[in-house]
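Report on the structure
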Amino acid sequence: MNNYMFNLKINVMKRSFLLLALLFLCVSVPLRAQSIITYHGEADLSYSSGVGNISVDRYNIHTIHGIMIDDNCSVGVGVGIDCYTIDQISVAVPIYLAIKGYYPMTDILYGFIGLDCGVGLGASEYAKGLKGLYLTPSLGLKIGHLKLQIGYNVQRISENGIGVNLGAVQAKLGVMF
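Scoring rules and cut-offs
- Starting afresh in each chain, residues are numbered from 1 along the sequence in its written order.
- Note on the predicted model: pLDDT of at least 70 is required for a residue's local features to be given, and 80 or more for side-chain atom pairs to be given and counted; whole-chain, interface and lining totals, by contrast, use all residues.
- Note that the side-chain values use all heavy atoms of the structure and ignore hydrogens as well as water.
- pLDDT is defined as a per-residue confidence score from the predictor, taking values between 0 and 100.
- Strands are runs of DSSP state E lasting at least 2 residues, helices are runs of H or I lasting at least 4, and numbering of each runs from the N terminus.
- In this analysis the probe radius is 1.4 Å and the grid spacing 1 Å, with only protein atoms considered; a cavity is a set of points the probe fits into but cannot get out of, a pocket is an open set with protein on both sides within 12 Å along at least five of seven lines, and lining residues have an atom within 4 Å of a point.
- Grid points are joined across faces, edges and corners, and a volume is the space filled by probe spheres set on the points.
- Relative accessibility under 20% of the residue-type maximum defines a buried residue, over 50% an exposed one, and the middle range a partly exposed one, all with a 1.4 Å probe and only protein chains included.
- N or O atoms within 3.5 Å of each other form a polar contact, as long as, within protein, one can give a hydrogen and the other can take it, and as long as residues adjacent in sequence are counted only when both atoms are side-chain atoms.
- Any two rings among Phe, Tyr and Trp, with Trp reduced to its six-membered ring, count as a pair given centres within 6.5 Å; such a pair is stacked if its planes are under 30 degrees apart, edge-to-face if over 60, and tilted if neither.
- Lysine and arginine charges are scored as sitting over a ring when NZ or CZ, respectively, is within 6 Å of the ring centre and within 35 degrees of the ring normal.

On average, residues of the chain carry a pLDDT of 85, and 80% of them reach 70 or more. Least confident of the elements in the chain is helix 1 (residues 2-27), whose mean pLDDT is 56; most confident is strand 1 (residues 38-51), at 97.

Here's what the structure looks like:
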């Protein structure tokens, strides 16, 4: 069991280092003289279809608040409500760092790649005490202020060192402001 905990701590440290490296790369992008760092916000509704051995569907409401860097990168902190439908409704609250890189296609159409990384916390009676890694790599389109996104969501839930991974394909519709 001690070896398991040691390996778990090493994996958490690796993920934390990777997240910090990605954040550093995004924030350290040289800013042009005419660029200005501005507020960036998002509000999303989504559905996640469970896949894998333990496939659990969920509905999601998320919001992200952060900064836009040089029209090509945004960094923010996200929080949401994920409603799982197992035998009864369970609620988890993900809190995460959201990083997106944008590629302009036209004046109003942008493609983007994103990574959300953080922790999910059990918030309902059925999920109380559960917590774990929350990770969602994604691809999407920004059309004006409208956002269409697809990603793969990993939610690790555990208690006292015992846990499971809940994977899901996630489709999001949202607005960026």
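That covers the picture; the talk isn't over yet.
Turning our eyes to something else, we now look at the layout of surface pockets. There is about 160 Å³ of room inside the second largest pocket. Residue lining of the second largest pocket: 14 residues in total, with Y84, S90, A127, L130 and I157 positioned closest to the centre. Mapped by element, the contributors of at least two residues to the lining of the second largest pocket are strand 4 (89-104), strand 5 (109-122) and strand 7 (146-159).

The subject of this paragraph is the side chain of N153. Within the element layout of this structure, N153 appears in strand 7. On the basis of relative accessibility, which here comes to 1%, the residue N153 falls in the buried class. Here the side chain of N153 touches T136 through a polar contact of 2.7 Å, side chain to side chain.

The full count for this structure, using the stated rule, is 4 aromatic pairs. A centroid spacing of 5.2 Å and a plane angle of 25° characterise the contact between Y96 and Y134, whose relative ring orientation is stacked. With Y96 in strand 4 and Y134 in strand 6 (residues 131-143), this pair connects stretches of sequence that are 38 residues apart. For the pair shown, Y96 and Y134 are each scored as buried. With a centroid separation of 5.8 Å and an interplanar angle of 55°, the aromatic rings of Y102 and F112 are classed as tilted. Here Y102 is found in strand 4, whereas its partner F112 is found in strand 5, with 10 residues between them in sequence. F112 carries the same exposure label as Y102, and that label is buried. Above the plane of the ring of Y110 lies K142, whose end atom (NZ or CZ) is 5.2 Å from the centre.

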